[in-house]
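One letter stands for each residue in the lines below.
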Amino acid sequence: MFRTFLSLRYLRARKTNWIGMAGIFVAVAALVLILSIMAGFLAEHRRTLRGNLADFVIQPRYTQSVRLPNGDLIDADHDVGAMIDLIESHPKVVSAAPQLQWYGLFVPDGAKSAMERPMQDAIQLVELIGVDVEAETGTSDFAESLTREYSPKPPDGRIYSSVERVDDAEDPFAPLERSGRRTSRPGRPIIVGEQLAYLWSLRKGQEVSIITATFDDGGSLNEDAPANSRFEIVGSFRSKDNEMDQRRVYMDRAELRDFLQDSRGWSAVIVKLEDYERDKLQVREELWTQLNEAGFLGAPGDNPNEFRTWEDFRATLLAAIENEKSLMGIMLSLVLVVAGFTVFALLSMMVTEKRRDIGILTALGATSWGVMVLFLLIGLWEAVIGSALGAAVGVLGAMKIDAIERWLSSTFGFQIFNRDIYLFDHIPSEVMPIEVAKIVLGAVVSTLIFAAIPAWRASRLDPVDALRHE
Amino acid sequence: MSSEEPLFTTPDPSEPPRVPSTSGNAGGVSSPLTSSGIRRSFEVGERRLEVLHGVDMELRPGERLALMGTSGAGKTTLLNILGLLDRPTEGKVHVEGVDAWSLSPAKRAELRNRRIGFVFQFYHLLPELTALENAILPAMILFKGSEFRRRREEFEGKAHDMLVRFGLSTRLGHRPGQLSGGEQQRVAIARALLLDPPILIADEPTGNLDRGTGEKVLEILLDEQKERDVSLLLVTHDERLAKRCERVLFMEDGLIQADSSAPMPT
């Protein structure tokens, strides 16, 4: 009983112990706060980096004649419907949609003015994505991106433009209705990303050119096919992924096929799962095997680019943020180690100061184990109280970080978090209870390890020495 | 450790002759505290310094025994060994017939806790605790949390009664720093008696007090001893104190040289 009683009494009576507690408090609060913000960034990046990518993107490298389970022999190259049927027959797949993807050079007002632009990225490479609106809507976030609110502020050097969203999200590629007279045939309807629109000050209804190369069925450059066509901007989208919003240009798949004079008409199949996070590995494995057996794809793993998850497209960046988070955790754990050293130093001091008390306790019948536990308990209380308060403040801070940052910025007159850099309109944070528990546990364990040394020393004190005359 | 073995069987004939302190009956069940053949040496640099050369003594039930001697005679060393704080290099200490130094450290600690009460020259109270809390410290050490909480009132009542009887009724909540030397020593006496130990060891209990205060503290100590029929071992170099005891042992050069149960030297 004396251990609990005395340890609490010593803790209360000796204010120096509070320094150790304060150290643990700061370390735990910082760890919880920073790791929550990093987790928030990671989650936010996962949301934004994904943009309009579907769960899976399947891009067969080459295809040949395929024998379906029912015995029919089909030309896989041209019959994407059979492949989609096969994918959609998987119970954990919600839907699949074909896409036709190609590349082009984007020329807004004719090549002449493009060359006059001083910006280095005056020539813009774009991805032409041909989609079937109905199938695409259920499979990727394409439809959402058409109606999403505008990004908070365009990055430095770019100006707002009057580009608007499409007239009808249900039928986004419908040609714009015009009241005025019109001399020429309208260009093919395209939907451009918001960042591209900002970059080039694009307007809805503006005509632009896209230059591309096409190939004939034999795979060689098709010199006769039209590779330069006029397009009309019918609206914009915001996928939230900056790069995608600058590079993607959506078209109706049939229109793109017509423009490219592509006989195949598709290049990828995108897939949406019921629960991507839960099932991704299993379904990928199963689908790949099935598609391989049917002859649509090579063997699983042979060519990783044939079957990718959306994360594969963003692997480097996601890994970088994850890595940054781990590094931050390690660095902040050093703060915890420093706090542990403080506890060690203060407890060592206390053991020296309390030699006489230790001798008295021994004379009164305390065992050396009891003395050790007494000092360990002092460390334990410091760790428990410090880390509990730290966790509470850290969690609260993480939840209110945006308001706190705004208040700090307005009070001290400088911007701490530049919302333009990440195009986030708030500081993201995500409190993960298990992470918090791990931090608290780590703080308690490391403090106890540091407290163990002085506690052990206390238990080895010779009571006769300790009681020697003052 | 070597001292746990019965190293000592017969007196070393090379030792100087000594007055046998008592029957020397080690392990006698009737004696609360006996020692036989206690030797204690310390390593000082390269040299080995023997402070006690084989001390036999017995504290009889209910008696007041004074241990006298010049400084450096080995009184404190002997006291630490008898109080189970210091392990003798050779010899045995029996507490109520139990060979204390052959026990496990935990058992020995319990023996110190329940069977021996200490009163030190410098009071040795814990500065962070109040007078009352200091007095119930032995019970806190003895009992685990739940048991102590159950019996806390009992011990507090007991300590409270003692402190009131010792004239500290208004000082119960005071810290040692707020108490005079005499008051602190009275708290220490209450602490020593809390668990009703059969043995009380007092090391110069009035040595740090002025004469008047010392008298009062001594009165309290002796009254309680008589009333409770506790065996008191009183270390002092004050003859007036020794005269209040029934028996006096004189120590010199690490040996007990005289026992007043033999005719007192005048």
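Rules of the game
- Residues numbered from 1 in each chain as written.
- Chains lettered and ligands numbered in written order.
- Predicted model: local features only at pLDDT ≥ 70, side-chain atom pairs only at ≥ 80, totals over all residues.
- Helix = DSSP H or I, 4+ residues; strand = E, 2+ residues; numbered from the N terminus.
- Buried ≥ 20, exposed ≤ 12 C-beta atoms within 10 Å, placed from the backbone.
- Contact = placed C-beta atoms within 7 Å.
- Pairing = 2+ DSSP bridges.
- Axes fitted to C-alpha atoms, helices over the stretch in contact; angles between N-to-C directions.
- Expected span 1.5 Å × (residues − 1).
- Bend = angle between axes of the 7 residues up to and from the residue.
- Nonpolar A, V, L, I, M, F, W, Y, C, P; charged D, E, K, R; others polar.

Section: the overall build of chain A
Regarding its fold elements, chain A presents 18 helices and eleven strands. Here chain A holds 470 residues, and the buried ones make up 39% of them. Excluding contacts between residues fewer than 6 apart, the proportion of contacts in chain A whose partners are at least 24 apart in sequence is 83%.

Thoughts on the sheet that holds strand β4 (residues 90–95) of chain B
All names here are of chain B. Strand order in the open sheet formed by four strands is β2-β1-β4-β5, with antiparallel pairing between adjacent strands. Pairing within the sheet leaves two strands with one partner each, and these edge strands are β2 (47–59) and β5 (98–99). Inspection of the sheet shows strand β1 (residues 33–44) paired to β4 by five bridges, in the antiparallel sense. Of the residues in β4, the one forming a bridge with Leu33 is Val95. Sheet strands touched by helix α1 (residues 75–82): β1, β2 and β4. Its angle to β1, the strand with the most contacts, is close to 120°.

Regarding the sheet that holds strand β8 (residues 231–235) of chain B
All names here are of chain B. Strand order in the open sheet formed by six strands is β6-β7-β8-β3-β9-β10, and the pairing between neighbours is mixed. The open sheet is flanked by β6 (116–119) and β10 (255–259), the only strands paired with a single partner. Each strand of the sheet is rotated relative to its neighbour by a mean of 20°, with strand direction disregarded. Where strand β3 (residues 64–69) lies against strand β9 (residues 247–252), five bridges are found, and the strand directions are parallel. Counted as the bridge partner of Met68 is Phe250 from β9. Along the sheet, helix α6 (residues 181–193) contacts β6 and β7 (199–203); its crossing angle with β6, the most-contacted strand, is approximately 170°.

Focus: helix α10 (residues 276–294) of chain A
Residues and elements named next belong to chain A. Given a rise of 1.5 Å per residue, 19 residues ought to cover 27 Å, yet the end C-alpha atoms of α10 are separated by just 24 Å, more than 12% below that figure. In α10, a bend of some 35° at Gln282 exceeds every other bend along the element. Those residues of α10 not exposed but buried are Val283, Leu287, Trp288 and Leu291. Among the residues trailing α10, Gly295 stands out with phi positive, at a value near 95°.

Side note on the interface of chain B and chain A
Taken together, the contacts link 25 residues of chain B with 23 residues of chain A. Of all the elements in the fold, those that place two or more residues in the side of chain B that touches chain A are α2 (105–115), α4 (137–142) and α5 (145–165) of chain B. Looking at which element gives the most residues to the side of chain B that touches chain A, the answer is α2 of chain B, with six residues. Partitioning the side of chain B that touches chain A into residue classes produces 15 nonpolar, five polar and five charged.

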